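Remarks on the overall topology
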Amino acid sequence: DLRDILGLREENKLGYKEKYKKSYIHSYWFNSFIVSILGNIVDMDDNLIYFENSPVYQGMSGSPVYMDNYLVGIVSMGNRDGELIVERITEDIINYIKGVR
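Residues numbered from 1 in each chain as written. Predicted model: local features only at pLDDT ≥ 70, side-chain atom pairs only at ≥ 80, totals over all residues. Heavy atoms only, no water.

Things to note about the layout of surface pockets
Computed from the structure, the largest pocket encloses a volume of approximately 190 Å³. Looking at the lining of the largest pocket residue by residue, the classes come out as five nonpolar, five polar and one charged. (1 Å grid on protein atoms, 1.4 Å probe; cavity = no way out; pocket = protein on both sides within 12 Å on 5 of 7 lines; lining within 4 Å. Points joined across faces, edges and corners; volume = space filled by probe spheres on them. Nonpolar A, V, L, I, M, F, W, Y, C, P; charged D, E, K, R; others polar.)

Following this line, the structure appears as structure tokens:
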């Protein structure tokens, strides 16, 4: 089930702060493979996840974000202070990719 692979099962939508301990970005930044471990989740809604103390660099926008081994979003915006906004991969986005209307 694609929803299982992407971590979109109902039980995985809840309790991100408690359930997921390892959040990270996989990025090809300056032609090299970088894994950045993310900091704490400070807030989230249906479309966005907000992290603090997260190392992000120019050029990492669009990189995939994982929690444990679940792909949960893409890097949307960040700053040098370590504040990071991640656009969540929702079922609507999956349906758009699959061409389902």
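As for the side chain of serine 23
With respect to the helices and strands, the residue serine 23 is situated in strand E1 (residues 23-29). Judged by its relative accessible area of 6%, serine 23 is buried. (Helix = DSSP H or I, 4+ residues; strand = E, 2+ residues; numbered from the N terminus. Buried < 20%, exposed > 50% of the residue type's maximum accessible area, 1.4 Å probe, protein only.)

A closer look at unusual backbone geometry
Positive phi is not limited to glycine here, since asparagine 53 has a value of about 55°. You can see asparagine 53 is positioned in the loop between strand E4 (48-51) and strand E5 (64-67).

Considerations on the confidence of the model for the chain
In regions of low pLDDT, the predicted coordinates are not meant to be interpreted in detail. Per-residue pLDDT for the chain averages 77, and the proportion of residues at 70 or more is 79%. Taken element by element, the chain is modelled with least confidence in helix H2 (residues 10-13), mean pLDDT 47, and with most confidence in strand E7 (residues 84-88), mean pLDDT 93. Contacts from residues 10-18, a stretch scored under 50 in pLDDT, to residues over four places away or in other chains number 19 contacts. (pLDDT = per-residue confidence, 0-100. Contact = heavy atoms within 4.5 Å.)

Side note on the sheet that holds strand E2 (residues 32-37)
Taken together, the seven strands give an open sheet; going across it, the order is E2-E1-E5-E6-E7-E4-E3, and neighbouring strands pair in antiparallel fashion. The open sheet has two edge strands with one neighbour each: E2 and strand E3 (41-44). Taken pair by pair, the neighbouring strands of this sheet meet at an average axis angle of 30°, ignoring direction. Looking at chain direction, E3 and E4 are connected through three bridges and run antiparallel. Considered in E4, the bridge of isoleucine 41 is made with phenylalanine 51. (Pairing = 2+ DSSP bridges. Axes fitted to C-alpha atoms, helices over the stretch in contact; angles between N-to-C directions.)

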